[in-house]
Amino acid sequence: MKTPEVLISEEEIQTRVGELARQISADYGDDSDLVMVGVLKGSFIFLADLSRRMEIPRTIEFIAVSSYENGSVSSGAVRLVMDVRGNIEGKHVLIVEDIVDTGHTLKYLIGMMKTHRAKSVKTAALIRKAEAAEVEVTIDYLGFDIGNEWVVGYGLDYAEQNRTLPYIGVIKPTDV
Ligand code: 5GP
């Protein structure tokens, strides 16, 4: 596979993640009993960087869902692979997602957190493909808007490759 072309540089990502961390810390404050729920696998690097740059108490949970099954076309049907392990009832939940494409995954996750009786549910996503939206879903903390292209790096993969690139890169059909 060719080295993906840079779409969002490491520096741009780090600057934006710092801004989001400050905004989230200011919005929730010190007494919020905040649980950050990272969506595996793609959000693991974003969650790590974001949470380390926040200045308020927070705990971390993970949830895993699947909708693409190794391809790059959304099926629309979201499958729960692993639920959160801790009790989030009565807590403020911030879902941390890598990328929002059609919006089906995030909508499903918001519903799941409500089923778990979270006190409040907000969302953070590093990237949104605004043109691809099929369902309306609110992203409270958004990193970047991009066009309709397949991106990798900073946690995101193509067939499990390229997750650890420090930047967001674009994969073209001729690259794979
Ligand atoms: P949605 O349900 O919004 O269509 O899809 C969200 C999920 O699709 C993301 O959590 C991510 O796993 C995957 N996804 C969508 N677009 C991309 C992309 O460009 N690159 C990668 N690596 N994953 C994507």
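Note that the coordinates shown come from a computational prediction; the quantities given were computed from them, not determined experimentally.

Description of the side chain of Ser-25
Then, number 1: Along the chain, Ser-25 turns up in helix H1 (residues 10-28).
Then, number 2: One polar contact links the side chain of Ser-25 to the main-chain carbonyl oxygen of Ala-21, over a distance of 2.7 Å.
Then, number 3: Excluding residues that lie within four positions of it along the chain, Ser-25 makes contacts with Met-54, Glu-55 and Ile-56.

A word on the sheet that holds strand S1 (residues 5-8)
Then, number 1: Read from one edge of the open sheet, 3 strands run S1-S9-S8, paired in antiparallel fashion. Edge strands, defined here as strands with exactly one partner in the open sheet, are S1 and strand S8 (151-152).
Then, number 2: Judged from the 2 bridges that link them, S8 and strand S9 (residues 168-170) form a sheet pairing that is antiparallel. Within the sheet, the bridge partner assigned to Val-152 lies in S9 and is Gly-169.

Considerations on the packing of H1 against helix H2 (residues 44-52)
Then, number 1: Look at H1 against H2: their axes get within 8 Å of each other, and the N-to-C directions meet at 55°. When the axes of H1 and H2 are compared, the pair comes out oblique. Crossing geometry of H1 relative to H2 is assigned as right-handed. Contacts between H1 and H2 involve Gln-14, Val-17, Leu-20, Ala-21 and Ile-24 from the former and Phe-46, Asp-49 and Leu-50 from the latter.
Then, number 2: When its residues are assigned to classes, the contact of H1 with H2 shows 6 nonpolar, 1 polar and 1 charged.

So, the pattern of salt bridges
Then, number 1: Considering all chains together, one arrives at 8 salt bridges under this definition.
Then, number 2: Lys-129 is the partner of Asp-101 in a salt bridge, and the nearest nitrogen-oxygen pair spans 4.0 Å. Residue Asp-101 is located in the loop between strand S5 (92-100) and helix H3 (104-115), and its partner Lys-129 is located in strand S6 (residues 120-129); the two are separated by 28 residues in the primary sequence.
Then, number 3: Measuring nitrogen to oxygen at the nearest pair gives 3.6 Å for the salt bridge that ties Arg-163 to Asp-157. In this structure, Arg-163 and Asp-157 share a single accessibility class: buried.
Then, number 4: The network of salt bridges with shared partners includes Lys-41, Asp-157, Glu-160 and Arg-163.

Overview of the sheet that holds strand S4 (residues 79-82)
Then, number 1: Across the sheet, which stays open at both edges, the 6 strands sit in the order S4-S3-S2-S5-S6-S7 with mixed pairing between neighbours. Every other strand in the sheet has two partners, leaving S4 and strand S7 (141-146) as the edge strands with one partner each. Across the sheet, the mean angle from the axis of one strand to that of its neighbour is 30°, orientation sign disregarded.
Then, number 2: When strand S2 (residues 34-40) meets strand S3 (residues 58-66), the two strands line up parallel, connected through 7 bridges.

Reading guide: rules and limits
- Residues numbered from 1 in each chain as written.
- Predicted model: local features only at pLDDT ≥ 70, side-chain atom pairs only at ≥ 80, totals over all residues.
- Heavy atoms only, no water.
- Helix = DSSP H or I, 4+ residues; strand = E, 2+ residues; numbered from the N terminus.
- Polar contact = N/O pair within 3.5 Å; in protein donor to acceptor, adjacent residues only side chain to side chain.
- Contact = heavy atoms within 4.5 Å.
- Pairing = 2+ DSSP bridges.
- Axes fitted to C-alpha atoms, helices over the stretch in contact; angles between N-to-C directions.
- Parallel < 35°, antiparallel > 145°, perpendicular 65-115°, else oblique.
- Left-handed = near helix turned anticlockwise from the far one by under 90°.
- Nonpolar A, V, L, I, M, F, W, Y, C, P; charged D, E, K, R; others polar.
- Salt bridge = Lys/Arg side-chain N within 4 Å of Asp/Glu carboxyl O.
- Buried < 20%, exposed > 50% of the residue type's maximum accessible area, 1.4 Å probe, protein only.

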